[in-house]
Amino acid sequence: MKVFLSGSIRGGRQMLPTYQFICRSLRNKGHEVLSWHVADSEVEGKESLLTETQIYERDMSFLQESECMIAEVSMPSIGVGYEVCSAIKKGIPIMCVHMPDSNVSAMLLGNTYTDISVREYGDNSELELILNGFLSSFKSKN
Ligand SMILES: O=c1[nH]c(=O)n([C@H]2C[C@H](O)[C@@H](COP(=O)(O)O)O2)cc1CO
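Predicted model only: the values in this text are computed from it and were never measured.

Quick notes on the overall build of the chain
Check the secondary structure of the chain and you find 6 helices and 5 strands. Overall, the chain shows an N-to-C arrangement of helices and strands of β-α-β-α-α-β-α-β-α-β-α. Computed over the C-alpha atoms, the radius of gyration of the chain is 14 Å, within 12% of the 14 Å expected from 2.2 N^0.38 for a compact globule of 142 residues. Out of the 142 residues in the chain, the part that is buried amounts to 46%. Of the contacts formed within the chain by residues at least 6 apart in sequence, a portion of 64% connects residues at least 24 apart. In the structure as shown, the chain presents an accessible area of about 7,700 Å², 53% of it carried by carbon and sulfur atoms. Between the mean site of the 13 positive side-chain charges and the mean site of the 18 negative ones, the chain shows a separation of 5 Å.

Below, the structure is given as structure tokens:
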């Protein structure tokens, strides 16, 4: 599947190893991560070569191509919130994942969009189980 991975950049990069784990795990299962740059340790330097509008338009066009979204929401990020809302407007399934004790917004935890889930994970193996379950659920629907 074509997946949009959403994760904090200017909101803080503390969860970078997890974004990299998600990206690797999805690719190992044969999925395409359109926004793989979120998991790039050098993203900020690379993005500084683009204008803010180029970043926005590229990401919105990746989102238009994506069949689902995985958002790592442990770090509060305006960009991630905006992308989740854009995915809701597009009508694609969304899986939000976060570490325990993250201060996740009620705009996600209480969201009434039918195709959004918010799940807590304790470690990478639990995270991988959640992601595999989310992605394999589409096969059984088709
Ligand atoms: O340089 C960037 N490149 C980029 O792709 N984004 C997108 C992808 C991320 O999922 C999200 C991060 O938003 P923020 O930077 O507000 O934490 O926004 C955000 C920025 C910087 O705001």
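Text resumes after the structure shown.
Observations concerning the pairing of strand 3 (residues 68-72)
Judged by how many residues are buried, strand 3 sits mostly within the fold: 5 of 5 residues are covered. Note: strand 1 (residues 2-6) against strand 3, 4 bridges, orientation parallel. Within the sheet, the bridge partner assigned to Val3 lies in strand 3 and is Cys68. Inspection of the sheet shows strand 3 paired to strand 4 (residues 94-98) by 4 bridges, in the parallel sense. Note on strand 4: the bridge partner recorded for Ala71 is Cys96. Where the polypeptide runs from strand 3 across helix 4 (residues 78-90) and back to strand 4, its parallel neighbour, the crossover connection is right-handed.

Quick notes on the state of the cysteines
A covalent bond bridging the sulfur atoms of two cysteines is what the word disulfide describes. Enumeration according to the criterion identifies 0 disulfides in this entry. Free cysteine: Cys85, not disulfide-bonded; nearest cysteine sulfur from Cys96 at 12 Å.

A closer look at the nonpolar core
The tendency in soluble globular proteins is for nonpolar side chains to be buried as a group. Within the largest apolar cluster, 24 residues are counted, with the highest numbers of intra-cluster contacts made by Ile22, Ile70, Val97 and Leu135. Elements supplying a minimum of two residues to this core: strand 1, helix 1 (16-28), strand 3, strand 4 and helix 6 (124-141). Setting aside residues up to four positions removed in sequence, Ile22 forms contacts with Leu5, Ile70, Glu72, Val97, Leu127 and Leu131.

Cut-offs used in this document
Note on numbering: residues in each chain are counted from 1, in written sequence order. Local features are withheld for residues below a pLDDT of 70 in this predicted model, meaning they are given only at 70 or higher, and side-chain atom pairs are given and counted only at 80 or more; totals for whole chains, interfaces and linings count all residues. Processing note: side-chain calculations cover all non-hydrogen atoms of the structure and skip hydrogens and water entirely. What counts as a helix is a DSSP run of H or I of at least four residues, what counts as a strand is a run of E of at least two, and both are numbered from the N terminus. We compute the radius of gyration from the C-alpha atoms alone; for a globule the expected value is 2.2 Å times N to the 0.38, where N is the number of residues. Exposed residues in this analysis have more than 50% of their type's maximum accessible area, buried residues have under 20%, and partly exposed residues fall in between, with area computed by a 1.4 Å probe over protein chains only. Any two residues having at least one pair of non-hydrogen atoms within 4.5 Å are treated as being in contact. For the accessible areas, the method is Shrake-Rupley and the probe is 1.4 Å, while residue cover comes only from the protein chains on display. When charges are counted, Lys and Arg contribute as positive and Asp and Glu as negative, whereas His and the chain ends are disregarded. Lysine's charge is taken at NZ, arginine's at CZ, aspartate's at CG and glutamate's at CD. Two strands pair if DSSP finds at least two bridges between them. Seen with its strands pointing away from the viewer, a crossover is right-handed when the path leading from the first strand over the helix to the second is clockwise. The term disulfide is used for any two cysteine sulfur atoms that are within 2.5 Å. Within this scheme, the nonpolar core is defined by two criteria: the residues are buried Ala, Val, Leu, Ile, Met, Phe, Trp, Tyr or Cys, and they are joined through side-chain atoms within 4.5 Å.

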